[in-house]
Amino acid sequence: MSFVSAGLEGGQYRPLSNEQLSTIHEAALGILEKTGMTYEGGLDDVIDELERNGVQADRDSKRLRFPRQWITDHLKKAPSSFTLYSRGSDGRFDLQLGGNKVYLGNGGVTIRIADIDTGETRKTVLQDIYNYGRITDQLDNIHFFMRPCEQHDVPEADSDLNLFYASLKSTAKHIMGNPSHAKTPEDIARVTEDIFALVSMVTGRTLEELRQRPVFSYVSCFCISPLKLSTTPMRCLIDAVKNDIPIALSGAPMAGSTAPMTMAAMLAMLHAEQLAGVSICQMFKPGSRVLYGGAPAVSNMKTLGYRGGAVECGMCNAAISQLARYVEVPNYNSAGLSESKIPDAQAGYEKGMNILLAAMGGSNYIHHAAGMLDSMLAASYEQYIIDDEIIGKACKVLKGIEVDPEHLAIEVIDAVGPGGNYITSPHTMRHMRSEYYLGNGISDDMDYARWKEDGAKDTLVRAKERVKAILAEDRPYAYISEEVDAEIRKRFKIFL
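Described in the following lines is the structure provided in the data block. (Residues numbered from 1 in each chain as written. Predicted model: local features only at pLDDT ≥ 70, side-chain atom pairs only at ≥ 80, totals over all residues. Heavy atoms only, no water.)

### Here's the deal with the pairing of strand S7 (residues 101-104)
Within a regular beta strand, the side chains point alternately toward one face of the sheet and then the other, so they alternate between its two faces. Using the following cut-off: Between any two strands, at least two bridges found by DSSP are needed for them to pair. Segments assigned H or I by DSSP are reported as helices when at least four residues long, segments assigned E as strands when at least two residues long, and all are numbered from the N terminus.
Strand direction decides the pairing type here: strand S1 (residues 8-9) and S7, joined by two bridges, are antiparallel. Its bridge partner lying in S7, Leu8 is registered against Val102. The sheet contact formed by S7 and strand S21 (residues 365-367) spans two bridges and is parallel. The partner of Leu104 across the bridge, within S21, is Ile366.

Structure (structure tokens):
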């Protein structure tokens, strides 16, 4: 790498004016106050707590209404910035969230993978999580590791802990997941306790140290659009904030099905959902570290399926980052989705456009940016390599053009003079590896003859070779020692 891509400043693209931001924010407050939200069953104690703290609850209609001042007061308690830590000693992949700082990573919970050997799709397994983590760990432009897929070969009761084990064993970057298979408050609390114990064993840090410098975080799809609190994710949310675990409030309405068709209306409704979520977190624990998690998408009106690769998704995700900054809460965002089933040209142009728009929008924590295919249903190892290249190019745009005496090089221009050349200039030598993005080696830049000599490989073939080289490395891989691993396996059922 010729430059560090993590944490660069975005915000160059602003699809909403200041007046439009204010209009959408006021509309969202109006939605929460007049229309309100509903909720699934099994949340009676949560509704009681909300009502005791000033939310209007109509149990006959299962409707919650949030006074404007209630939302405004609780939003003020949310931190405007915080850090999600990596395990690396140099802190290179610590995520300093807030403002316009941009980080991009994977995501998903896909259920299928395009097999690297056969090319056919199959169900995902625990080994895939471990392999995804190994690949992520070796790619400079994928800044964090988020749960990438379902592990169909692990019993449900053991699934959540094994997700974190496979993640901790494969990468030192920040890990985001959640107790997605635990249902009751007691089960969620038990899984959280086990995850803390596991992370403590791996890192050698106390629970208090992990709370102060979190190397893992949770994500909660707390709201089913439109405007409906979901029972189990709400339990996860409450458990997270009570245990000082940073949490992203994921919301992904689809224009035309679970949200109004027009972008402005979808943004207003999603903003309302997120304002409620952030405020509820602060009600349960003031100062809790929360990511405003809007990830708007578009329905395919021919099939009613998900269209995450639409260019409007990039526009709306950039707008969501503006709305999060408007209320001064760091945001979690989406980019890098595609309706393509394989790593092809469609995947390239859909991903490239939306990753660039989200990055230039200044989104803080952009998930889905690596690996995703088939409208979030599938992923591929090779796509991680290709997306790392796309993300690097987008981050180079954020870095911008440096203009100072060294980069202007007026003395160099004068020394070379008219009709000269700069090939052997010391100035060229100093900047040839840093001024321009050199990539991760996946893009071909040879002439036709040399390309043919090298086997006439396309991007997918080169990506496949890179994946196999990474996975073939023989290190005991890496981040859990044999002694600690043995202790972990005595205490927990580990299936990897």
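### Concerning the packing of aromatic side chains
To keep things clear, this is the line we draw: Note on ring pairs: Phe, Tyr and Trp rings are taken, using the six-membered ring of Trp, and paired if centres are within 6.5 Å. Classes follow the plane angle, with under 30 degrees stacked, over 60 edge-to-face and the rest tilted. In this scheme, a residue with accessible area under 20% of its type's maximum is buried, one over 50% is exposed, and one in between is partly exposed, where area comes from a 1.4 Å probe on protein chains only.
What the rule picks out here adds up to ten aromatic pairs. The interplanar angle of 15 degrees and the centroid separation of 5.9 Å between the aromatic rings of Tyr332 and Tyr365 together place this pair among those described as stacked. With Tyr332 in strand S20 (residues 332-334) and Tyr365 in strand S21, this pair connects stretches of sequence that are 33 residues apart. Judged by its relative accessible area of 1%, Tyr332 falls in the buried class.

### With respect to unusual backbone geometry
The omega torsion across Ser225 and Pro226 is 0 degrees, close enough to zero to call that bond cis. Its place among the elements puts Pro226 in the loop between strand S13 (223-224) and strand S14 (228-229). Even without being glycine, His368 reaches a positive phi, approximately 70 degrees. By the secondary structure assignment, His368 is in the loop between S21 and strand S22 (372-373). A relative accessible area of 6% places His368 in the buried class. Although it is not a glycine, Asp374 sits at a positive phi angle of roughly 55 degrees. With respect to the helices and strands, Asp374 occurs in the loop between S22 and strand S23 (378-379). Look at Asp374 and you get buried, because its relative accessible area is 12%.

### Focus on empty space enclosed by the protein
It is the rolling of a water-molecule-sized probe over the atoms that shows where space remains empty. Filter applied, for reference: Buriedness of a pocket was judged along seven lines, with at least five required to meet protein on both sides within 12 Å; pockets are open sets of points on a 1 Å grid over the protein atoms alone, cavities are sets where a 1.4 Å probe fits but cannot get out, and lining residues have an atom within 4 Å of a point. Grid points are joined across faces, edges and corners, and a volume is the space filled by probe spheres set on the points. Ten residue types, Ala, Val, Leu, Ile, Met, Phe, Trp, Tyr, Cys and Pro, are classed as nonpolar, four, Asp, Glu, Lys and Arg, as charged, and the remainder, Gly among them, as polar.
Taken as a whole and judged by the stated rule, the model has one cavity of 30 Å³ or more. Volume-wise, the largest cavity comes out at about 50 Å³. Contributing to the lining of the largest cavity are Pro296, Tyr306, Gly308, Cys313, Asn317, Ser334, Ala335, Gly336, Leu337 and Asn354. Along the lines of polarity and charge, the residues of the lining of the largest cavity split into five nonpolar, five polar and no charged.

### Considering the packing of helix H12 (residues 381-399) against helix H17 (residues 459-472)
This is how it is decided: Note on method: axes are straight lines fitted to C-alpha atoms, helices fitted across the in-contact stretch only, with angles between N-to-C directions ranging 0 to 180 degrees. Working definition: roughly parallel below 35 degrees, roughly antiparallel above 145 degrees, roughly perpendicular at 65 to 115 degrees, and oblique for all remaining angles. What makes two residues a contact is simply this: any of their non-hydrogen atoms within 4.5 Å.
In contact at an axis separation of 8 Å, H12 and H17 are set at 105 degrees when each is read in the N-to-C sense. For the element pair H12 / H17, the angle class is roughly perpendicular. For the pair H12 and H17, contact is made by Tyr381, Glu382, Ile385 and Ile386 and by Thr459, Leu460, Ala463, Lys464, Arg466, Val467, Ile470 and Leu471, respectively. Its residues assigned to classes, the contact of H12 with H17 shows eight nonpolar, one polar and three charged.

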